Amino acid sequence: MIFKNAIINDAVIFNVNDSELIPLIKNEEAILLNIPTARCLQLLVERQGHVVSREDFLEHVWGAKGIVVSHNTFYQNISLLRKSLKKAGLQEDIVVTVRRKGFTLSSDVVIKIIEKSDAEETSTLAHQSCLSTTIPLSPAIRETDSTNTSTAVPGRMNMRAIPDWMAFLLVLILLIEIIIFIINVIMF
């Protein structure tokens with residue numbers, strides 16, 4: 001891994017270690033990417049200015065972990081990446097499809113690598129909208145575990161948020177337990 005954080009178009013911080021997109025606009029939620037989607041973005045950033053073939057994505061994002069996925073899974077992750085970038089505040093489509101060759105970042109995209117690696121410093125950057133020195137990019141892919149969650153993280157926390165349906169289910173179970181307790185107290 002060459003970088004830990006990158007600023008995209010002076011609008012969004014891509015935190016590689018936490019697989020999240022942090023909008024530099026105050027009061028906006030961080031967007032949590034699933035690990036393969038984050039690796040796809042990382043590969044595109046590291047190879048900015050070059051077309052990355054589908055085979056390169058499959059090899060570096062999944063194959064390096066010994067995982068074989070369908071082309072459909074790959075395209076779903078590219079779609080998730082585009083949606084997440086838009087949700088983070090990048091209005092233009094920065095992931096460009098190069099017909100029969102692969103994908104690249106738009107030539108209009110400005111990537112600035114942040115040398116700071118501590119997640120705390122990244123959060124401070126997001127709040128202060130400070131930009132650090134940039135360093136050149138070279139290809140290298142980070143190895144991490146694979147998960148398939150993509151949710152918004154309130155308050156830019158470093159943990160993955162639980163889905164709304166699971167929170168509802170937990171509250172429902174708690175209410176049922178309270179009702180059972182009250183019935184038992186009344187009957188005995």
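To be clear, the structure that these remarks concern was listed above.
Draft legend 1. Representation of a nonpolar patch on the surface in the model. A cluster of nonpolar side chains, Val 171, Leu 174, Leu 175, Ile 178, Ile 179, Phe 181, Ile 182, Ile 183, Val 185, Ile 186, Met 187 and Phe 188, forms an exposed patch at the surface whose accessible area comes to about 1,300 Å². You can see Phe 181 is positioned in helix α5 (residues 164–187). The exposed category is assigned to Phe 181, whose relative accessible area is 56%.

Draft legend 2. How the structure looks around the nonpolar core. In terms of nonpolar packing, the biggest core is built from 33 residues, with Ile 8, Phe 14, Leu 21, Leu 41, Phe 57, Leu 85 and Val 95 touching the most fellow members. Taken together, the elements giving at least two residues each to this core come down to β1 (5–8), β2 (12–15), α1 (35–46), α2 (54–62), α3 (71–87), β6 (102–105) and β7 (111–114). Top element by residues in this core is α1. It accounts for six residues. Residue contacts for Leu 85: discarding those within four places in its chain leaves Ile 8, Leu 21, Leu 41, Leu 90, Ile 94 and Val 95. By size, the runner-up hydrophobic cluster in this structure holds six residues, among which are Ile 7, Leu 24, Ala 30 and Ile 114.

Draft legend 3. Focus on the pattern of salt bridges. Here the structure, examined in full by the defined rule, presents four salt bridges. A salt bridge links Glu 55 to Arg 54, with the shortest nitrogen-to-oxygen separation between them at 3.5 Å. Looking at Glu 55, the relative accessible area reads 45%, which means it is partly exposed. For Asp 93, the salt bridge goes to Arg 82, with nearest N and O atoms at 3.5 Å. Linking Asp 93 in the loop between α3 and β5 (95–98) with Arg 82 in helix α3, this pair joins segments that are eleven residues apart in sequence. When its relative accessible area of 46% is taken as the criterion, Asp 93 is described as partly exposed.

Draft legend 4. Examining the packing of aromatic side chains more closely. Inspection of every chain in the model, using the stated rule, returns seven aromatic pairs. Ring centres of Phe 57 and Phe 74 lie 5.2 Å apart, and the angle between their planes is 40°; this geometry places the pair in the tilted category. Taken together, the positions of Phe 57 in helix α2 and Phe 74 in helix α3 put the pair 17 residues apart, joining distant regions of the chain. With relative accessibility at 0%, the residue Phe 74 sits in the buried group. Relative to Phe 103, the ring of Phe 57 lies with its centre 6.2 Å away and its plane at 75°, an arrangement referred to as edge-to-face. With Phe 57 in helix α2 and Phe 103 in strand β6, the pair connects residues that are 46 residues apart, well separated along the chain. Residue Phe 103 is classed as buried on the basis of its relative accessible area of 6%. One aromatic cluster is present, built from ring pairs that chain together Phe 57, Trp 62, Phe 74, Tyr 75 and Phe 103.

Draft legend 5. Up close: the pairing of β5. Here β5 runs beside β6; their pairing, made up of four bridges, is antiparallel. Each residue of the ladder has a partner; that of Thr 97, found in β6, is Phe 103. A loop of three residues connects β5 with β6, the two strands running antiparallel in sequence, and Arg 100 in this loop sits at a positive phi of about 65°.

Draft legend 6. Expanded view of the pairing of β1. Because side chains alternate across β1, one face comprises the buried residues Asn 5 and Ile 7, and the other comprises Ala 6 and Ile 8, equally buried. In this structure, β1 lies alongside β2, joined through four bridges in antiparallel fashion. Among the inter-strand pairings, Ile 7 is bridged to a residue of β2, identified as Ile 13. The antiparallel pairing of β1 with β2 creates a hairpin that spans three residues between the two strands, and Asn 9 there sits at a positive phi of about 50°. Note that β1 and β7 share four bridges and pair antiparallel. From the neighbouring strand, Ile 7 faces β7, where its bridge partner is Lys 112.

So, how was this worked out
Residues numbered from 1 in each chain as written. Predicted model: local features only at pLDDT ≥ 70, side-chain atom pairs only at ≥ 80, totals over all residues. Heavy atoms only, no water. Patch = residues over 30% accessible without salt bridge, like charges linked within 9 Å, V, L, I, M, F, W, Y side chains within 5 Å. Areas by Shrake-Rupley, 256 points an atom, 1.4 Å probe, with all protein chains shown as cover. Salt bridge = Lys/Arg side-chain N within 4 Å of Asp/Glu carboxyl O. Helix = DSSP H or I, 4+ residues; strand = E, 2+ residues; numbered from the N terminus. Buried < 20%, exposed > 50% of the residue type's maximum accessible area, 1.4 Å probe, protein only. Core = buried A, V, L, I, M, F, W, Y, C linked by side-chain atoms within 4.5 Å. Contact = heavy atoms within 4.5 Å. Phe/Tyr/Trp six-rings, centres within 6.5 Å; stacked < 30°, edge-to-face > 60°. Pairing = 2+ DSSP bridges.

Note that every value here comes from positions in space, so none of it alone points to a role or purpose.
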